[in-house]
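Take a look at the letters that make up each chain.
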Amino acid sequence: MQKLLLLGDEAIAQAAIDAGLSGIYAYPGTPSTEITQYVISSKEAKEKGIVATWTANEKTSAEAALGMSYAGKRAMTCMKHVGLNVAADAFINSSITGANGGIIFVVADDPSMHSSQNEQDSRFYGKFAMIPILEPTDQQEAYDMVHYGFDLSERFQVPVMMRITTRLAHSRAGVQRKSSRKPNELKLPENLKQFILLPAIARKQYKVLLENQVHFEQEAENSTYNTYTPGNDKSMGIIACGLAHNYLMENYPERDIPYPVVKVSQYPAPEEMIRKLYDECESILVLEEGYPLVEELLKGLLNKGKKIKGRLDGSIPRDGELNPAIVGKALGFDIPELTPIPSLVSNRPPSLCKGCSHIDSYNGLNEALEKYGKGRVFADIGCYTLGALAPYDAINTCVDMGASITMAKGAADAGLKPSVAVIGDSTFTHSGITGLLDAVNDKSSITVFILDNATTGMTGGQPSSALGKIEDICRGLGVEEEHIRIIKPLSKKHEENLAVIREELEYDGVSVIIPRRECIQTLNKRMREKFKAKAQEEKS
Amino acid sequence: MKKDIILAGVGGQGILSIAAIIGHAAVETGLYLKQAEVHGMSQRGGDVQSNLRLSDKPIASDLIPHGKADMILSVEPMESLRYLPFLSPEGWVVTNTKPYINIPDYPNEEDLMAEIGKLPHHVALDAESIAAELGTIKAANIVMLGAASPFLDLEYEKIKNAIVFFFGRKGQDLVDLNLKALEAGREFAQKNMN
Ligand SMILES: Cc1ncc(C[n+]2csc(CCOP(=O)(O)OP(=O)(O)O)c2C)c(N)n1
């Protein structure tokens, strides 16, 4: 078969289709979005009847995937690293229930925070859940590991985590496909109590997981993805995890690495291989993308053994993603003097698109708040977070999805009045609803802006679960009808909107303002497609 | 053979389509390829780049090492300078001269051009004007690709085939237009290598 040129994300998606997947569930999040996007757009997946869908949030995705596994079929759920925080309850507990059909949690980390609030390392979650973790080095390995991961999951009846990072997720390379296999038939778990985590059962299930640890270690030891490569120079041994292995190789164009190297792409870390390396070498250099997980394991609390170099001793910067130069320096290579960036080059941060409805919403809100002073807008995550930048300077917080409404409530409870929340439509159904219920139940005095641009904008315009439902949801939660206000964010309606906002800021209770106008990107896309379809029609 | 290329521009300017065409030509040539892209937040009008690596040997890193890029191909003049730490001393900068101004502190244009003029190996062209003469500024990115083509170490035929492959679905007129744009960029570069 010919090689396909695929992003790391796409390689995982194609592999899942080929490996007998029955369902993939996800909430979008950079850099994981393209996995599910690919399956949703794949004709092949459609023909095979694979369920591929965006869900309200990562927790609902993970649970749907677990349900599919319960029914004996192969399931995948994908998320960005912070998405796993949302799905953590399902994730950790699924390691206790175990799996029936193969299930893979694909988690995409974003070291250097290209599009994220933090750079948490999901391998710690995998370790916490005590399940096998796969960390592919390149696109081909990402492809191959999906088949392997499903097998591993079914063999040990345990969920498997696949951890990738931005550079693999969003980098393209040639990928060789395998022949495709059939999905599983519907088949309930042999023990129909396996998934009931009542204490008495959970204790038993937990012991099963604990007993499996030695098998997981053995699997990692024998895995073809973990390798030991001998080297003559024993002054240093190198452990290179996942993507870091590429940067190591890049520093030796002839691949003539003088030191012994252990490549780690499957966890628990292969203890025997690492022990051999440790015993024969004078010092160890640990190269890993993310937090110093393997480095900490080796070092221990007292650090009484040999010298361990890595992120903790400063051989590698403590934060940020790796690159060939950082790794080269840690290997002791001279990094040549670089041409500096000329001083006249200015920063070019991302910004709201021309014609974006959020601009008009912020213009209204800013003016209405002038008389109260700054510092009272609790915002959330989405394109509208760019309202933090000049010229809007309109918001004061962005923490985690849904935190706008609940933080505004807390601040209102503390006496801040008015206290304003700004949340996008997709973020609202992701995790804003429960917070709004809290505010309604406590009659907290907050004004909530639900910016309804009818899409999940920031991640590229996936459908929003909130579409057409926002007022009904608010009503259902108990927001008073007369304090659910819909406005059209357009500059020509500025004065009219301003009056509405001013009124609601004065209201002593929960009010919801819904500025509603379609995202300019999805609108343009829709228009282009309409235009194309029309041109097509005229031709035929 | 090894070519490490940094494609630079502003989110929305379509640098990934240039990368896709070069990538197609490289794969047709039988080369290995890795191409790191920027998705997500920066695509909203921020600075974006793509690391495109071609080689006749397997490629390890998705990222081009500092000081090793053979070319910076930029569709925006200020962005062509942002990645200079990655350029090798022998490397070429091929840049569009038409500024994309969406920030308040965009540098003075004369200073900017002077800075580009100081680079030891560069080609600077107004791709929009060249494309406009051919009929549409939409072909500006292909003009830029044409200007880069003499430095790519790929057979020109293969690049032309890739254009046919990408625009074929959209009709012969667009194919011809883009082939002309490619040629115009190439000619400019061959006459104006500095
Ligand atoms: C837990 C979590 N999941 C996913 C993301 C990625 N993410 C950031 S913003 C966003 C979309 C927000 O859409 P919406 O609220 O409709 O606002 P818009 O971007 O359309 O303005 C997503 C999916 C995240 N940061 N955190």
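Look above for the structure.
About the thresholds
Each residue is numbered by its place in its chain's sequence as written, counting from 1. Chain letters and ligand numbers both follow the written order, the letters beginning at A and the numbers at 1. It should be noted that, the model being predicted, local features are given only for residues of pLDDT at least 70 and side-chain atom pairs only at 80 or more, the latter also being counted only at that level, while totals for whole chains, interfaces and linings use all residues. Working from all heavy atoms in the structure, the side-chain values ignore hydrogens and water. Cavity: a set of points on a 1 Å grid over the protein atoms alone where a 1.4 Å probe fits but cannot get out. Pocket: an open set with protein on both sides within 12 Å along at least five of seven lines, its lining residues, like those of a cavity, having an atom within 4 Å of a point. Grid points are joined across faces, edges and corners, and a volume is the space filled by probe spheres set on the points. Runs of E in the DSSP output that reach at least two residues are strands. Runs of H or I that reach at least four are helices, and both are numbered from the N terminus. Put simply, Ala, Val, Leu, Ile, Met, Phe, Trp, Tyr, Cys and Pro go in the nonpolar bin, Asp, Glu, Lys and Arg in the charged bin, and everything else, Gly too, in the polar bin. Working definition: with a 1.4 Å probe on protein chains only, accessible area under 20% of the residue-type maximum means buried, over 50% means exposed, and in between means partly exposed.

**Details of empty space enclosed by the protein**
- With the rule as written, the count across this model stands at two cavities of 30 Å³ or more.
- For the largest cavity, the calculated volume is near 80 Å³.
- Contributing to the lining of the largest cavity are A:Leu352, A:Cys353, A:Cys356, A:Ser357, A:His358, A:Cys383, A:Asn453, A:Cys519, A:Ile520, A:Gln521 and B:Arg44.
- Elements that contribute at least two residues to the lining of the largest cavity include exactly α14 (357–369) and α20 (520–539) of chain A.
- Tallied by class, the residues present in the lining of the largest cavity amount to six nonpolar, four polar and one charged.
- Of the voids in this model, the second largest cavity is the one considered here, and its volume is about 30 Å³.
- Lining the second largest cavity are A:Glu135, A:Pro136, A:Arg163, A:Ile164, A:Thr165, A:Leu168, A:Gly242 and A:Leu243.
- The element that contributes the greatest number of residues to the lining of the second largest cavity is strand β7 (residues 160–165) of chain A, accounting for three residues.
- Tallied by class, the residues present in the lining of the second largest cavity amount to four nonpolar, two polar and two charged.

**Things to note about the environment of A:Lys488**
Residue and element names in this part refer to chain A.
- Relative to the elements of secondary structure, Lys 488 occurs in the loop between β18 (484–487) and α19 (494–506).
- With relative accessibility at 42%, the residue Lys 488 sits in the partly exposed group.
- Considered as a pair, Lys 488 and Phe 216 are 272 residues apart in the sequence and their alpha carbons are 56 Å apart.

**Quick look at unusual backbone geometry**
Residue and element names in this part refer to chain A.
- In this model, Thr 30 is joined to Pro 31 through a cis peptide bond whose omega is 5°.
- As for its placement among the helices and strands, Pro 31 is situated in the loop between β2 (21–26) and α2 (33–41).
- The omega torsion across Ala 390 and Pro 391 is 0°, close enough to zero to call that bond cis.
- Position of Pro 391 among the secondary structure elements: in the loop between β15 (377–378) and α15 (403–413).
- Positioned with a positive phi, Arg 255 is a non-glycine residue whose angle comes to about 60°.
- Secondary-structure assignment places Arg 255 in the loop between α10 (244–250) and β11 (261–264).

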